[in-house]
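# Reading the structure
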Amino acid sequence: MKYPIYIVDAERDSRIRLNRMLSQADWSCRPFLSGADLINEIEALEPGVVLADVRNASFDGVDLIESISKRNFALPIIAMAKMPDTSVVVAAMRSGAVDFLQKPVRSETLEKAIEGAAPIVDQRIRIVDQTKRDKARIEVLSPRELEVLQALANGETNAMISRNFDISMRTVENHRANIIRKIDLPNIIGAIAALQRYEAACLLHANPNRLLSTI
């Protein structure tokens, strides 16, 4: 699938050139003059790929990458810059960029990078959808039920939970039953899995590059 490409480049000629190259390859493009302009509309943007000049951003390139990743996880970033030094490339990749291109970018190189980012968009869409479902399930639990579920996820037995929370075994069992009923899954194992997926997704959201090893 060809996702939309969001171009962030303060240089007019460069922005027009990138837009022309991608449009000729049948990619749908939307240019932004600055990172701030994209951030202002980011929650309304469809999943796609951000092509951002991190040297010409309206604020620090690393901050731009991190802001995009935190606000719209389904927008992997391909960073780019003219004659970047190693520190710029390393900082961009550590911040969550999925690729780095040196400007001016050749058409073949650009298309290859965009095509390489498409599977990442696919995966992030699946993660976002699953995370929404898990989050909805977790949010129906009371604070005590969530504590019990977290304890179970940590491998604690009913007896350990009873002792650590200073509640009766019957109360622990009632909490377990309520958790299964509220989350609407067949058993407590499914509830634990939902919690662990949600927590793992939150970590991935904070550090998008962890996704790369699973693609």
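These lines cover the structure that appears in this document, whether it is placed above or below. Starting afresh in each chain, residues are numbered from 1 along the sequence in its written order. A pLDDT threshold of at least 70 governs which residues receive local features in this predicted model, and a stricter bar of 80 or more applies before side-chain atom pairs are shown or counted, although totals over entire chains, interfaces and linings include all residues. Side-chain measures were taken over the full set of non-hydrogen atoms in the model, leaving aside hydrogen atoms and water.

## Side note on helix H4 (residues 86-95)
Among the residues of H4, Val88, Ala92 and Ser95 are the ones counted as buried. The buried side chains of H4 occupy one side of the element, clustering within an arc of 70 degrees when seen end-on. Across H4 from its buried face, at more than 90 degrees, point the exposed residues Thr86 and Arg94. Note on definitions: a residue-residue contact is assigned when non-hydrogen atoms from the two residues lie within 4.5 Å. Put simply, DSSP H or I for four residues or longer makes a helix, DSSP E for two residues or longer makes a strand, and each gets a number counted from the N terminus. Buried residues belonging to H4 abut helix H3 (61-71), strand E4 (77-82) and strand E5 (99-103). Categorising residues by exposure relies on relative accessible area from a 1.4 Å probe, with only protein chains included: less than 20% of the type maximum marks a residue as buried, more than 50% marks it as exposed, and the intermediate range marks it as partly exposed. Each direction from the helix axis to a C-beta atom contributes to the arc, which is the arc of those directions.

## Some points on the packing of aromatic side chains
Here a Phe, Tyr or Trp ring, Trp counted by its six-membered ring, pairs with any other such ring whose centre lies within 6.5 Å, and the pair is stacked when the planes are under 30 degrees apart, edge-to-face when over 60, and tilted otherwise. Evaluated as defined, the whole model comprises one aromatic pair. Here tyrosine 6 and phenylalanine 32 contribute two aromatic rings whose centre-to-centre distance is 6.4 Å and whose plane-to-plane angle is 55 degrees, an arrangement assigned as tilted. Placement of tyrosine 6 in strand E1 (residues 5-8) and of phenylalanine 32 in strand E2 (residues 29-32) is noted, with a sequence separation of 26 residues between them. The exposure classification of tyrosine 6 matches that of phenylalanine 32, with both residues buried. Here, over-ring charges are defined by two tests on the NZ atom of lysine or the CZ atom of arginine: distance to the ring centre within 6 Å, and angle to the ring normal within 35 degrees. Residue placement shows arginine 124 over the ring face of phenylalanine 73; its charged tip is 4.8 Å from the ring centre. Taking the ring centre of phenylalanine 165 as reference, the NZ or CZ of arginine 144 above it sits at 4.9 Å.

## Observations regarding the nonpolar core
Buried Ala, Val, Leu, Ile, Met, Phe, Trp, Tyr and Cys residues form a nonpolar core when they are joined through side-chain atoms within 4.5 Å. Formed by 23 residues in total, the largest nonpolar core has its most connected members in Ile5, Leu22, Leu51, Ile78, Leu101, Leu110 and Ile114. When residues of this core are traced back to their parent elements, those giving at least two are E1, helix H1 (12-24), strand E3 (49-53), E4 and helix H5 (107-139). Looking at which element gives the most residues to this core, the answer is H5, with seven residues. Discounting residues that sit within four places of it in the chain, isoleucine 78 has contacts with Val49, Val50, Leu51, Ala52, Val98, Asp99, Leu101, Ala113, Ile114 and Ala117.

## Digging into the pattern of salt bridges
Take a side-chain nitrogen of Lys or Arg and a carboxyl oxygen of Asp or Glu: if they are within 4 Å of each other, that pair is a salt bridge. Taken as a whole and assessed by the stated rule, the structure comprises 12 salt bridges. As a salt-bridge pair, aspartate 134 and arginine 197 come within 2.9 Å of each other at their nearest N and O atoms. Here aspartate 134, found in helix H5, pairs with arginine 197, found in helix H9 (residues 188-206); they are 63 residues apart in sequence, far enough to count as distant. Classification of aspartate 134 as buried rests on a relative accessible area of 0%. Assessed through its relative accessible area of 37%, arginine 197 is described here as partly exposed. For lysine 182, the salt bridge identified is with glutamate 145, shortest N-O distance 2.9 Å. A residue pair is termed long-range when its members are at least 10 positions apart, and lysine 182 in helix H8 (residues 169-183) and glutamate 145 in helix H6 (residues 143-153) qualify at 37 residues. In the salt-bridge network here, residues are joined through shared partners; they are Asp9, Glu11, Asp53, Lys82 and Lys103.

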